[in-house]
Amino acid sequence: MRRLLIASALVLAALPAAPGVAFAAPVEVTRFHTPESLANLVPGAALALAPAPGEDPAGLETALWNDAVMREVAARGFGTATAGAADALVEVRVERRTERQERQRGPVSVGVGGSTGGWNSGVGLGVGFSLGGGSREWTDTRLSVTIRDRATGQALWEGRAESRDNAKKKEADAANVAPRLAHALFADFPGKSGQTIQVK
């Protein structure tokens, strides 16, 4: 019985994922900082959101991204305050675009097979068609965050997180992408400066 269960588990593990089962793509993350800038960004410092140039502070989707970022900020031990009383300001920028990628239809393949000699001699002809044509839409998202010293405007920490998701899957919805990218961006904060990593 034990051998049967183990064999069954191996067979199931080898099977491909069922159609419609989607997994979120890895997030590519890069952070920038210096020892001097981090000295002014100590845990417990009070941070506040500040409108980033070009962003609509009143937009519903803007609020979704801001909330996701500030939840991660709080989880890293930082406090919150009003913009006038904060030690540093958090600027959040989001870029999203959807593009269509055409998939080329493969060529027709012809195969000849059979056996020679003996009473069961014969030749078989097979024709195969690749049905991989059509198009697929992808949504590219980039979340950029800059934490600035409120008094001087100096950038203390910068980071960006990027992902590419199937536009027709729920993983591409902003409500799902925002917390995923924000969490990846602040994972292992502050991160190694200048290093690009993939967070699953």
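Residues numbered from 1 in each chain as written. Predicted model: local features only at pLDDT ≥ 70, side-chain atom pairs only at ≥ 80, totals over all residues. Heavy atoms only, no water.

Caption draft 1: The overall build of the protein chain, seen in detail. Secondary structure assignment for the protein chain yields four helices and nine strands. For the protein chain, the succession of helices and strands along the chain, N to C, is α-β-α-β-α-β-β-β-β-β-β-α-β. A total of 200 residues make up the protein chain; the buried ones form 31% of that total. Here the contacts in the protein chain between residues at least 6 apart in sequence split such that 78% fall between residues at least 24 apart. Working note: accessible area of the protein chain is about 12600 Å², and carbon and sulfur atoms make up 56% of it. (Helix = DSSP H or I, 4+ residues; strand = E, 2+ residues; numbered from the N terminus. Buried < 20%, exposed > 50% of the residue type's maximum accessible area, 1.4 Å probe, protein only. Contact = heavy atoms within 4.5 Å. Areas by Shrake-Rupley, 256 points an atom, 1.4 Å probe, with all protein chains shown as cover.)

Caption draft 2: Structural context of the side chain of Ser 144. Within the fold, Ser 144 resides in strand 7 (residues 134–149). Non-local contacts of Ser 144, meaning those with residues more than four positions away in its chain, are made with Glu 91, Val 92, Arg 93, Gly 159 and Arg 160.

Caption draft 3: Region of interest: the nonpolar core. In this structure, Leu 41, Leu 47, Trp 65, Val 69, Leu 143 and Val 145 are the most contacted members of the largest nonpolar core, which totals 31 residues. Of all the elements in the fold, those that place two or more residues in this core are strand 1 (27–32), helix 3 (60–75), strand 4 (88–103), strand 7, strand 8 (155–166) and helix 4 (174–186). Sorting elements by how many residues they give to this core places helix 4 first, with eight residues. Ignoring anything within four residues of it in the chain, the contact list for Val 145 reads Val 69, Val 90, Glu 91, Val 92, Trp 157, Glu 158, Gly 159, Leu 185 and Phe 186. (Core = buried A, V, L, I, M, F, W, Y, C linked by side-chain atoms within 4.5 Å.)

Caption draft 4: Spatial organisation of the packing of aromatic side chains. For the coordinates displayed, the defined rule picks out four aromatic pairs. Ring centres of Phe 78 and Phe 189 lie 5.8 Å apart, and the angle between their planes is 85°; on these two criteria the pair is classed as edge-to-face. Of this pair, Phe 78 sits in the loop between helix 3 and strand 3 (79–80) while Phe 189 sits in the loop between helix 4 and strand 9 (196–199); the two residues are 111 residues apart in sequence, bridging distant segments of the chain. Note on Phe 186 and Phe 189: the rings are 5.8 Å apart at their centroids and 20° apart in plane angle, and the pair reads as stacked. Using a relative accessible area of 1% as the deciding quantity, one classes Phe 186 as buried. An aromatic cluster of three or more residues is present, and its members are Phe 78, Trp 157, Phe 186 and Phe 189. (Phe/Tyr/Trp six-rings, centres within 6.5 Å; stacked < 30°, edge-to-face > 60°.)

Caption draft 5: Layout of the pattern of salt bridges. Scanning all chains against the criterion turns up eleven salt bridges. Ionic pairing is found between Arg 100 and Glu 137, a salt bridge with its closest N-O pair at 3.0 Å. Of this pair, Arg 100 sits in strand 4 while Glu 137 sits in strand 7, and the two are 37 residues apart along the sequence. Using a relative accessible area of 24% as the deciding quantity, one classes Glu 137 as partly exposed. With a shortest N-O distance of 2.7 Å, Asp 140 and Arg 164 are connected by a salt bridge. Of the two residues, Asp 140 is situated in strand 7 and Arg 164 in strand 8; the sequence distance between them amounts to 24 residues. A relative accessible area of 32% places Arg 164 in the partly exposed class. One continuous salt-bridge network, built from bridges that share partners, spans Arg 97, Glu 99, Asp 140 and Arg 164. (Salt bridge = Lys/Arg side-chain N within 4 Å of Asp/Glu carboxyl O.)

Caption draft 6: Spotlight on the environment of Glu 158. Inspection of the secondary structure puts Glu 158 in strand 8. Spatially, the C-alpha atoms of Glu 158 and Pro 190 are 9.2 Å apart, while their sequence positions differ by 32 residues. The residues touching Glu 158, leaving out its near neighbours within four places in the chain, are Thr 30, Arg 31, Phe 32, Val 145 and Thr 146.

Caption draft 7: Expanded view of unusual backbone geometry. Cis peptide bonds are those with omega within 30 degrees of zero, and the linkage from Phe 189 to Pro 190 qualifies with 5°. Mapped onto the fold, Pro 190 is located in the loop between helix 4 and strand 9. The phi dihedral of Asp 188 is positive, around 55°, even though this residue is not glycine. Within the secondary structure, Asp 188 sits in the loop between helix 4 and strand 9.

Caption draft 8: Representation of the confidence of the model for the protein chain within the structure. When the pLDDT values of the protein chain are averaged, the result is 79; 71% of them are 70 or greater. At the low end of the mean pLDDT range in the protein chain sits helix 1 (residues 2–14), at 40; at the high end sits strand 1, at 98. Low pLDDT, under 50, characterises residues 1–22; the predicted model gives this stretch four contacts beyond four residues in sequence or across chains. (pLDDT = per-residue confidence, 0-100.)

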